[in-house]
Amino acid sequence: MNAPLSADEYKRLTVLREVGIFDTPAEDVFDDITKLAAQICGAPIAAVSLIDKERQWFKSIIGLNVTETPRDQAFCAHTILQSDPLIVPNALADERFADNPLVTAEPNIRFYAGAPLLTSDGVALGSLCVIDRVARELSDEQIAVLQMLARQVAGRIELQRRVMIQDKLIQERSLAQSVLLQREEELTAIIEHAVEGIFLFDPSTRRVIKSNAAFRVMLGYTEEQMRQLTLYDIVGHVRSSIDRIVEALWQGKEVALSERQYLHKDGSVIVVEVSGRVITYEDELAVCVVVHNLTPQRVSEDARRAAEASYQSLFENAAEGIFQTTPQGRYLRANSALAQIYGYASPQQMIGEISDVSTQLYVAEDRRAEFTRLMTANGGVKHFDSQIRRRDGSVIWISESARPVFNDQGTLICYEGFVQDITDRKAWEMQREHDLIEAQFRADHDSLTELWNHRAFHRQAEQRIDETARGGGSLALIMIDIDNFEFFNTLYGHVTGDEVLRMVANRLQTICGFRDVAARFGGDEFALLLADIGFHSRGDLERELMEKLQDLTFCLQGLSMPIPITCSIGIVVCPADGGERLELLHLAEERLRRAKTGGADDTDADQMREYLHQAIDGFSMLDALVNAVDNKDRYTRHHSEDVMDHCLVIARELGMDEKFQHTLAVAALLHDVGKIGVPDAILRKPGNLTDVEYAAIKQHPQMGAAIVFAVPGLEATLDAIRHHHECYNGSGYPMGLRGEEIPLIARIMAVADAYSAMTMDRPYRKGMAIERAISILSAGTGEQWDGMCVDAFLRAKQRLATEENCFRLAA
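Conventions we followed
- Residues numbered from 1 in each chain as written.
- Predicted model: local features only at pLDDT ≥ 70, side-chain atom pairs only at ≥ 80, totals over all residues.
- Heavy atoms only, no water.
- Helix = DSSP H or I, 4+ residues; strand = E, 2+ residues; numbered from the N terminus.
- Buried < 20%, exposed > 50% of the residue type's maximum accessible area, 1.4 Å probe, protein only.
- Contact = heavy atoms within 4.5 Å.
- Areas by Shrake-Rupley, 256 points an atom, 1.4 Å probe, with all protein chains shown as cover.
- Polar contact = N/O pair within 3.5 Å; in protein donor to acceptor, adjacent residues only side chain to side chain.
- Pairing = 2+ DSSP bridges.
- Axes fitted to C-alpha atoms, helices over the stretch in contact; angles between N-to-C directions.
- Parallel < 35°, antiparallel > 145°, perpendicular 65-115°, else oblique.
- Phe/Tyr/Trp six-rings, centres within 6.5 Å; stacked < 30°, edge-to-face > 60°.
- Lys NZ or Arg CZ within 6 Å of the ring centre and 35° of its normal.
- Left-handed = near helix turned anticlockwise from the far one by under 90°.
- Nonpolar A, V, L, I, M, F, W, Y, C, P; charged D, E, K, R; others polar.
- 1 Å grid on protein atoms, 1.4 Å probe; cavity = no way out; pocket = protein on both sides within 12 Å on 5 of 7 lines; lining within 4 Å.
- Points joined across faces, edges and corners; volume = space filled by probe spheres on them.
- Expected span 1.5 Å × (residues − 1).
- Core = buried A, V, L, I, M, F, W, Y, C linked by side-chain atoms within 4.5 Å.
- Salt bridge = Lys/Arg side-chain N within 4 Å of Asp/Glu carboxyl O.

Explain the overall build of the protein chain to me, and be specific about the residues and the numbers.
Each helix and strand in the protein chain was counted, giving 31 helices and 22 strands. Relative to its full complement of 811 residues, the protein chain shows a buried share of 46%. For the protein chain, the share of sequence-separated contacts (at least 6 apart) that also reach a separation of at least 24 residues comes to 58%. For the protein chain, the accessible area works out to roughly 40200 Å², and carbon and sulfur atoms hold 53% of it.

Talk me through the side chain of S49; I want residue IDs and the actual numbers.
Of note, S49 is situated in strand β1 (residues 45–51). At a separation of 2.8 Å, a polar atom in the side chain of S49 contacts the side chain of Q56. The residues touching S49, leaving out its near neighbours within four places in the chain, are Q56, W57, F58, C76, L117, L125, G126 and S127.

How would you summarise the sheet that holds strand β18 (residues 517–522) if you had to cite specific residues and measurements?
The four strands are arranged β18-β19-β17-β22 in an open sheet whose pairing can be described as antiparallel. The open sheet terminates on both sides in strands that have one partner only, identified here as β18 and β22 (567–574). Each strand of the sheet is rotated relative to its neighbour by a mean of 20°, with strand direction disregarded. Where helix α18 (residues 494–511) meets the sheet, it contacts β17 (475–482), β18 and β19 (525–531), and its direction lies at approximately 5° from that of β19.

Go over the pairing of β1, please, and point to the residues and values.
Among the seven residues that make up β1, seven are buried, leaving the element largely enclosed by the rest of the structure. Bridge count for β1 against strand β6 (residues 124–132) is six bridges, and the pairing is antiparallel. The residue bridging S49 from the neighbouring strand is S127, located in β6. Where β1 meets strand β2 (residues 55–62), six bridges bridge the pair, whose relative direction is antiparallel. The residue bridging A47 from the neighbouring strand is I61, located in β2.

Hey, could you go over the packing of helix α15 (residues 423–444) against helix α16 (residues 454–471) for me, with residue numbers and the actual values?
At a minimum axis separation of 7 Å, α15 and α16 run at an interaxial angle of 90°. Our classification of the angle between α15 and α16 gives roughly perpendicular. Contacts from Q440, A443 and D444 of α15 reach α16 at R455, A456 and R459.

Got a sec to walk through the sheet that holds β2? Specific residues and values, please.
Each strand in a sheet pairs with its neighbour through backbone hydrogen bonds, running either in the same direction (parallel) or in the opposite one (antiparallel). Spatial ordering of the open sheet is given by β3-β2-β1-β6-β5-β4, a layout of six strands whose pairing is antiparallel. The sheet is open, and its two edges are formed by β3 (68–70) and β4 (86–88), each paired on a single side. Strand-to-strand twist across the sheet, computed as the mean angle between neighbouring axes with direction ignored, equals 25°. Of the strand pairs in this sheet, β4 and strand β5 (residues 111–118) are connected by three bridges, and their pairing is antiparallel. From the neighbouring strand, I87 faces β5, where its bridge partner is A113. With respect to the sheet, helix α2 (residues 28–41) is in contact with β1, β2 and β6, its orientation differing from that of β2 by roughly 75°.

A description of the environment of T280 should follow, citing residues and the corresponding values.
If you trace the backbone, T280 turns up in strand β10 (residues 269–281). Sequence separation of T280 and K382 is 102 residues, and the distance between their C-alpha atoms is 10.0 Å. When sequence neighbours within four positions are dropped, the list of residues in contact with T280 reads L285 and F418.

Describe the environment of H639, and please don't skip the residues or the numbers.
Within the fold, H639 resides in helix α23 (residues 636–653). Setting aside residues up to four positions removed in sequence, H639 forms contacts with H671, D672, D753, S756, A757 and M760. A polar contact is formed between the side chain of H639 and the side chain of H671, at a distance of 3.5 Å. In terms of polar contacts, H639 uses its side chain to reach the side chain of S756, at 2.9 Å.

Which residues make up the packing of aromatic side chains, and what values go with them?
Across all of its chains, the model carries 13 aromatic pairs by this definition. An angle of 75° between the planes, with centres 6.0 Å apart, marks the rings of F22 and W57 as edge-to-face. Linking F22 in the loop between α1 (9–19) and α2 with W57 in strand β2, this pair joins segments that are 35 residues apart in sequence. Residue F22 shares its accessibility class with W57, and that shared class is buried. Ring pairing ties together the aromatic residues F199, F201, F215 and Y262, which thus form one cluster. Looking at K426, its charged tip hangs above the ring of W397, at a distance of 4.6 Å from the centre.

Give a description of the packing of helix α29 (residues 744–759) against helix α30 (residues 770–779) that names residues and reports values.
Helix-helix packing is described using two parameters, namely the angle between the two axes and the distance between the axes. Contact geometry for α29 and α30: axes closest at 9 Å, N-to-C directions at 145°. Where α29 crosses over α30, the handedness of that crossing is right-handed. Side by side, α29 and α30 meet where V751, A754, Y755, M758 and T759 of the first sit next to I770, A773, I774, I776 and L777 of the second. Taken together, the residues that form the contact of α29 with α30 break down as nine nonpolar, one polar and no charged.

How would you sum up empty space enclosed by the protein? Please name residues and give values.
According to the stated counting rule, one finds five cavities of 30 Å³ or more in the structure shown. In this model, the largest cavity occupies a volume close to 170 Å³. Considering the residues around the largest cavity, the lining is formed by 15 residues, among which L231, I245, Y262, V274 and V289 are closest to the centre. With four residues, helix α9 (residues 239–250) is the single largest residue contributor to the lining of the largest cavity. Considering only residue class, the lining of the largest cavity consists of 12 nonpolar, two polar and one charged. Taken as a whole, the second largest cavity holds about 80 Å³ of empty space.

How would you explain α18 if you had to name every residue and give the values?
For the α-helix, the turn length of 3.6 residues means that residues three or four positions removed from each other point alike. The first and last C-alpha atoms of α18 sit 26 Å apart over 18 residues, in line with the 26 Å expected at 1.5 Å per residue. Looking only at α18, the buried set comprises T496, G497, V500, L501, V504, A505, L508 and I511.

Could you give an account of the pairing of strand β8 (residues 208–211), naming the residues involved and the relevant values?
Here strand β7 (residues 197–201) pairs with β8 via three bridges, running antiparallel. Note that in β8 the partner of F201 across the bridge is V208. The antiparallel pairing of β7 with β8 creates a hairpin that spans six residues between the two strands, and R206 there sits at a positive phi of about 65°.

If you had to explain unusual backbone geometry to someone new, which residues and values would you point to?
With an omega of 10°, the peptide bond between C574 and P575 qualifies as cis. With respect to the helices, strands and loops of the structure, P575 is situated in the loop between β22 and α20 (581–597). In this model, Y733 is joined to P734 through a cis peptide bond whose omega is 15°. Residues other than glycine seldom take positive phi values, yet N108 does so here, at roughly 60°. Take N108: it is sitting in the loop between α4 (101–104) and β5. Of note in the backbone geometry, H383 takes a positive phi value of approximately 55° without being a glycine. Mapped onto the elements, H383 comes out in strand β14 (residues 381–389).

Let's hear about the nonpolar core: which residues, and what values?
Counting residues in each nonpolar core, the largest one holds 46 residues, and the members touching the most others are L670, V708, L714, M749, V751 and L777. Here this core gets nine residues from one element, more than from any other, and that element is α29. The contact partners of V708, leaving out residues within four places of it in the chain, are L622, L670, V673, L714, T717, L718 and I721. One finds V19, L50, A115 and I157 within the second-largest nonpolar core, a separate group that totals 33 residues.

Hey, could you go over the pattern of salt bridges for me, with residue numbers and the actual values?
As enumerated under the stated definition, the model contains 35 salt bridges in all. Across the salt bridge formed by R136 and D132, the nearest N and O atoms sit 3.4 Å from each other. Summarising the burial analysis for this pair, R136 and D132 share the class buried. Of the charged contacts, one joins E370 and R373 as a salt bridge, the two residues approaching to 2.8 Å between their closest N and O atoms. Of this pair, E370 and R373 are both found in helix α14 (residues 367–378), three residues apart, which corresponds to roughly one turn of the helix. Sharing partners across several salt bridges, the network here consists of R17, D23, D52, R55 and E68.

Shown next as structure tokens:
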């Protein structure tokens with residue numbers, strides 16, 4: 001059955017086009033997530049699928065050698081129609097997919113689970129999916145992990161989209177600059193093809209900067225030759241006369257049409273009529289001279305008016321606004337372009353209505369004063385950007401370039417210059433700056449609590465630790481975890497859970513000063529960096545922080561009593577506890593774990609974990625999974641540490657060497673990691689398990705071995721993890737091994753595991769007496785447990801008890 005189109009199909013396809021991800025090469029970041037999804041879900045096939053208009057394209061895929069399929073065959077086309085994962089336990093039994101070619105033929109899909117790839121505004125681009133050729137189910141934990149990984153994929157795609165949009169904005173700005181350049185080139189072309197001779201010269205050096213074709217023909221020079229000339233080479237008058245005219249131009253005295261003698265290249269004299277004016281050329285001031293060639297027989301008033309009209313045309317038709325104002329801010333002259341920029345019908349209307357530019361034009365009252373100050377200090381302004389109020393009250397941005405004009409006595413008589421409307425450019429720049437700030441904020445902050453996120457916290461921690469090392473003082477790094485949050489979340493719902501997270505986040509923000517950092521580290525965990533803690537001890541900080549968090553409660557609608565919210569914390573102080581970020585984080589997390597479980601500092605298990613974190617690259621990931629299991633089954637971590645102690649007692653009694661004891665200790669810490677795949681309700685069930693529930697429990701040794709196998713260096717522990725639930729008579733699981741078929745390391749762990757499970761308190765029952773547990777072990781010798789291991793354990797226990805009694809008597 002074909003999936004219908006989503007309600008936001010056009011927007012969805014638009015987002016995908018903006019990302020530009022289709023038909024791009026494979027990327028490790030997507031492939032790593034796909035492989036992790038397949039491993040966690042135990043599926044042979046996994047993919048990152050994007051739904052195009054008529055096809056399904058795979059950005060990443062393992063287990064199948066395809067890059068795309070038709071959209072009407074895609075399971076993922078159904079997934080994008082919902083916000084929750086789509087689970088198809090048996091495709092043959094689902095009328096939507098029973099006749100699908102991917103089901104009836106290769107690859108013979110039976111099971112499918114897909115989590116939609118949702119953008120921050122809820123647009124579904126595709127899915128992260130896992131596929132199997134046999135019908136099956138996923139655990140709640142596996143579905144949650146699949147959703148988490150899908151969010152990582154969607155976040156990566158959305159980041160690429162923002163980068164693409166930013167590049168597009170940059171291209172648009174480049175295009176705008178190209179348009180401005182084109183306008184300048186068009187003006188140059190107009191001058192080049194003008195009938196009158198026109199040239200520009202530098203008023204300081206008198207060197208010719210530019211000339212048009214008419215002027216070069218008039219004097220008989222090529223363009224290159226003309227650039228080698230100065231005003232003295234062209235004008236047939238004495239230098240002092242030329243200098244007086246240039247000085248008059250420089251002081252703002254427009255030189256109107258007047259007769260001059262210019263020199264032809266062949267030495268002959270040409271009588272011309274010229275007018276000159278100071279303008280801005282390529283952001284520099286230059287003198288523009290319009291030259292009209294007069295014959296001795298036709299010097300007439302009509303010719304002079306034509307030359308003047310040509311100059312006035314350049315003034316009036318300029319694309320930029322041109323002005324002259326008094327120093328007090330009243331307009332003397334303005335062209336049509338300036339009037340149009342400021343919203344007036346004509347220059348005359350503008351000059352008549354504006355008596356003071358500082359109050360009638362500039363939005364900022366002090367802007368005209370700054371303009372005047374720069375004029376005096378620098379002898380002119382360039383690209384002076386300001387907001388201007390137009391005649392209709394609307395506001396625009398302009399850029400001014402101007403200079404002061406003086407008379408022969410050196411008195412300032414006016415300012416003159418050019419104006420450009422840069423409103424569009426400013427709007428683009430401000431929008432780009434806003435987008436960059438917004439993107440940076442979203443990249444560094446948690447969307448739910450608006451605290452710093454995990455990645456940004458690591459960066460802040462690195463920076464603050466470095467500052468502490470260089471400047472002295474001390475810094476507290478604090479990990480905080482909401483107690484029993486998963487139970488709270490499950491009982492009252494995720495919306496209420498989110499409110500609790502925001503409540504805790506708000507409290508942490510009130511605790512922090514302006515130099516402190518508060519972050520959502522992940523899930524229900526938060527992290528703080530407290531600067532300048534002075535001589536406060538770790539205990540002082542812990543007591544003070546717990547006091548500030550102790551009165552947190554949540555009032556749920558319909559309940560008369562508020563629900564208390566408590567937190568556990570783990571604190572480290574830099575540099576007292578270390579000076580390296582990961583080292584401090586690991587220690588803070590360990591102290592947090594101990595705070596939640598009531599464990600003591602520096603046990604044998606703690607020391608072993610510390611050693612393994614440094615010696616085994618992947619152990620941190622395994623320990624994180626054990627923490628996750630601990631959140632599911634609160635007794636697991638104490639149990640694992642208890643099992644390690646009992647295992648070592650048996651191994652030492654049997655005379656096992658240090659290497660064997662080390663392997664056994666590591667295996668004991670990790671032996672229950674496979675419970676990550678067992679549903680919470682089964683782990684916490686106080687009564688007898690059903691057959692289905694027991695079958696789920698029996699999967700955890702195999703799953704644990706599969707997880708540990710992925711970490712190099714721990715291969716020797718696999719036998720203990722996989723077989724610690726085998727029975728000596730062959731009735732155990734997962735493989736039903738009997739007797740000495742069961743590896744010795746697993747037989748030892750089976751005894752230690754059973755004794756710990758019997759004697760340890762559980763949330764729903766009290767642990768049995770030691771004598772009763774020993775009796776059960778003895779009775780099960782040769783049936784459930786290896787007699788050699790049981791005897792070794794009991795001998796060691798008896799000896800330790802005797803030694804303890806002797807010590808008491810001696811005391």
